[in-house]
Amino acid sequence: MSKWAALTSEETAVLAESIGSEQADMMIENVVGRYALPLGIGANFLIDGRDYLIPMAVEEPSVVAAVSAAALLAREGGGFSTGSTDPVMIAQIQLLDVVDSAKAMRMILASREEILDCADTSPSLTRLGGGPKGVEVRQLPDTPAGPMLIVHLLIDCRDAMGANAANTAAEAVAPLLEQLSGGRAGLRILSNLSDRRRAWAEVEIPAAAFDNDAYDGKDVVRGIAEANAFAFADSYRAATHNKGIFNGIDAVLLATGNDWRAVEAGAHAWAARDGQYRALTDWHVRACGKFESLFGRLELPMAVGIVGGATQSHPSARLALKILGLAAKNETEPGAGSRRSDEEVSAETWHQGARRLSEIVAAVGLAQNLAALRALATTGIQKGHMRLHARQVAVAAGAEGEEVELVARQLVTEGKIRLERARELLQK
Ligand code: MEV
């Protein structure tokens, strides 16, 4: 992997050590330690014709193995194709006590240019072609606190996740909006339902690729389509279905220093956009004569960055981006001269920057879901899970080194993966 991503020996060592305590202390408050997670590599990914190794930080056994197996299957259909919108975030300004909302809305929309100028608080974003792009006004006529007007500023955040840019702009325009509306500004904050900033991934795999000794591929793909239909129609199932998607997505977001809570919040709100919480994916069978294939698609809001925040300040996140081929040249190479500004990095990486990351993440989510549905539609997930789970139980019982595998194997053979039994086996 180090060779693949051209990591230096120092960088490879950083992967093992992650952040030091001084760095941790600078990231958050009241630091008492560091909490490490395993960093694994999702293998076999072919995305838009390019091979990728995917860094994934996750505590759950099977996630990395399952996504790698699904990515291998996807190669039978030429891998994943992806796309994304411009990286446009929404900043919201809440206006209260507006006496004449119709007039206020007219005034605000007529003052679009003035508002955009006032919201232009990040010269570097504007230089890169981003910055404030639009103004929208929504009416909430009937809230528990009475009627209110909500102004949306649309801000192109380029390679940044953009929370700071959106919040700064929202705060900057609030006084002008008060003047224009005659109202009082309340909240000024980004929306995590970043539905203007979406990424999608698609895959089409021949049914024959799912054939094995126990199953006919056509039955498997039908089972996967039926599983998706279940999660489309039923919110109880959709929550679990989407959780499985986030097993993969969160792991990449964590590894790359991105705000996974923001992406989760946006995706769950998006999943309920027609009033019912549904599956984020679509899987269906396509038939052409005797030939059958499974088509899958995942689309969701995806506010991610490759500059700013932990993406650059956390050494492991920087390296994860480098493994993905998204770090700017020299950015992580020691002795490469003075550290460049975020704008310079962004200008250089824009063509394959945050949008590319969002597309890769969507492909990982789709692959993770495929892995879960294939298992659920056939043998169930427990068989694969148990071997890895048994290793964790063995470690929890105190097994070390070679004992771990020995105890785990015996637990699986006996079909009883219990802590007491692991302790007994260890004593023996
Ligand atoms: C477990 O972490 C995730 C699954 O439950 C997802 C699913 O049911 O689709 C296997």
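Check the entry above for the structure.
**Q** Can you walk me through the overall build of the chain in this structure?
**A** A count of helical and extended segments in the chain gives 17 helices and 10 strands. Since a compact globule built from 428 residues should have a radius of gyration of about 22 Å, the 24 Å found for the chain is in line with a globular shape. Its C-alpha atoms give the chain principal-axis dimensions of roughly 75 × 60 × 45 Å. Looking at the chain as a whole, 47% of its 428 residues are labelled buried. Sequence-distant contacts, at least 24 apart, represent 72% of the contacts inside the chain between residues at least 6 apart. Between the averaged position of the 43 positive side-chain charges in the chain and that of its 54 negative side-chain charges there is a distance of 3 Å.

**Q** In this structure, what is going on with the site of the ligand? I would like to understand it.
**A** Around the ligand, the structure places Glu60, Arg237, Thr240, His241, Lys243, Gly244, Asn247, Ala372, Leu376 and Ile381. Note that an oxygen atom of the ligand is positioned 2.7 Å from one of the side-chain N or O atoms of Glu60. At a separation of 2.8 Å, an oxygen atom of the ligand approaches a polar side-chain atom of Arg237. Considered on its own, the ligand offers 300 Å² of accessible surface; in the complex 86% of this is hidden by protein. Per-element accounting of the shell around the ligand gives the leading share, six residues, to helix 9 (residues 235-255).

**Q** Looking at this model, I keep getting lost on the packing of helix 9 against helix 10 (residues 260-271). Mind explaining?
**A** Packed helices, taken two at a time, are described by their axes: the angle between them and the distance between them. As a packed pair, helix 9 and helix 10 sit with axes 10 Å apart at the nearest point and diverge in direction by 150°. Our classification of the angle between helix 9 and helix 10 gives roughly antiparallel. Crossing of helix 9 over helix 10 shows right-handed handedness. Of helix 10, the residues touching helix 9 (which contributes Asn242, Phe246, Ile249, Asp250, Leu253 and Leu254) are Trp260, Val263, Glu264, Ala267, His268 and Ala271.

**Q** Looking at this structure, how should I read helix 14 (residues 354-377)?
**A** Think of an α-helix as 3.6 residues a turn; residues three or four steps apart then line up on the same face. Given a rise of 1.5 Å per residue, 24 residues ought to cover 34 Å, and the 34 Å separating the end C-alpha atoms of helix 14 matches this to within 8%. Where burial is concerned, most of helix 14 is hidden: 19 out of the 24 residues are buried.

**Q** Would you mind showing me how to read helix 8 (residues 217-233) here?
**A** Between its terminal C-alpha atoms helix 8 stretches 25 Å, which fits the 24 Å expected from 17 residues at 1.5 Å a residue. Every buried residue of helix 8 is listed here: Gly217, Val220, Val221, Gly223, Ile224, Ala225, Ala227, Asn228 and Ala231. In this fold, the buried residues of helix 8 make contact with helix 9, strand 9 (281-288), strand 10 (291-301) and helix 14. Its side-chain oxygen placed 2.9 Å from the backbone nitrogen of Lys218, Asp216 serves as the N-cap of helix 8.

**Q** Explanation requested: the pairing of strand 5 (residues 131-143) in the structure shown.
**A** Taken together, the 10 bridges between strand 5 and strand 6 (residues 146-156) define a ladder with antiparallel strand orientation. Across the sheet, the residue bridging to Pro132 is Ile155, located in strand 6. Between strand 5 and strand 6, which pair antiparallel and follow one another directly, the connecting turn spans two residues.

**Q** Just checking my understanding: could you explain the nonpolar core for this structure?
**A** Side chains of a nonpolar character, in soluble globular proteins, are inclined to be buried together. The biggest cluster of nonpolar side chains holds 58 residues, and the ones touching the most others in it are Phe45, Ile249 and Leu300. The element best represented in this core is helix 14, accounting for 11 residues. Beyond its immediate chain neighbours, meaning those up to four positions away, Leu300 contacts Arg197, Arg198, Ala199, Phe246, Ile249, Ala267, Trp270, Leu280 and Ala362. In terms of nonpolar packing, the next biggest core, distinct from the first, is built from 33 residues, Val98, Leu149, Val173 and Leu180 among them.

**Q** Please clarify how the sheet that holds strand 7 (residues 184-191) should be interpreted in this entry.
**A** The sheet built from four strands is open, its strands ordered 5-6-4-7 with antiparallel pairing. Strands with a single pairing partner mark the edges of an open sheet, and in this sheet they are strand 5 and strand 7. Strand-to-strand twist across the sheet, computed as the mean angle between neighbouring axes with direction ignored, equals 20°. Two strands pair when backbone bridges link them, and strand 4 (residues 88-96) and strand 6 are joined in this way by eight bridges, in the antiparallel orientation. Residue pairing for strand 6: Ala91 is matched across the bridge by Leu153.

**Q** Can you help me understand the pattern of salt bridges in this one?
**A** Here the idea is simple: oppositely charged side chains can pair when their charged atoms come close. Counted according to the given criterion, the structure contains 22 salt bridges. The partner of Arg297 in a salt bridge is Glu299, with the nearest N and O atoms 2.3 Å apart. For Arg297, a relative accessible area of 22% translates into the label partly exposed. A relative accessible area of 17% means that Glu299 is categorised as buried. Among the ionic contacts, a cluster of salt bridges with common partners joins Arg198, Glu202, Arg297 and Glu299.

**Q** Would you explain the sheet that holds strand 9 in this entry?
**A** Adjacent strands of a sheet pair through backbone hydrogen bonds, lying either parallel or antiparallel. Taken together, the four strands give an open sheet; going across it, the order is 3-8-10-9, and neighbouring strands pair in antiparallel fashion. Every other strand in the sheet has two partners, leaving strand 3 (81-84) and strand 9 as the edge strands with one partner each. Mean inter-strand twist for the sheet, computed between neighbouring axes without regard to direction, equals 15°. As paired strands, strand 3 and strand 8 (residues 198-206) are joined by four bridges and run antiparallel to one another. By the bridge assignment for strand 8, Ser84 is matched with Ala199.

Cut-offs and rules
- Residues numbered from 1 in each chain as written.
- Predicted model: local features only at pLDDT ≥ 70, side-chain atom pairs only at ≥ 80, totals over all residues.
- Heavy atoms only, no water.
- Helix = DSSP H or I, 4+ residues; strand = E, 2+ residues; numbered from the N terminus.
- Rg over C-alpha atoms; globule rule 2.2 N^0.38 Å.
- Buried < 20%, exposed > 50% of the residue type's maximum accessible area, 1.4 Å probe, protein only.
- Contact = heavy atoms within 4.5 Å.
- Lys, Arg positive; Asp, Glu negative; His and termini not counted.
- Charge placed at Lys NZ, Arg CZ, Asp CG, Glu CD.
- Near = heavy atom within 4 Å.
- Polar contact = N/O pair within 3.5 Å; in protein donor to acceptor, adjacent residues only side chain to side chain.
- Areas by Shrake-Rupley, 256 points an atom, 1.4 Å probe, with all protein chains shown as cover.
- Axes fitted to C-alpha atoms, helices over the stretch in contact; angles between N-to-C directions.
- Parallel < 35°, antiparallel > 145°, perpendicular 65-115°, else oblique.
- Left-handed = near helix turned anticlockwise from the far one by under 90°.
- Expected span 1.5 Å × (residues − 1).
- Pairing = 2+ DSSP bridges.
- Core = buried A, V, L, I, M, F, W, Y, C linked by side-chain atoms within 4.5 Å.
- Salt bridge = Lys/Arg side-chain N within 4 Å of Asp/Glu carboxyl O.

Read these as layout, nothing more, since geometry by itself doesn't imply function.
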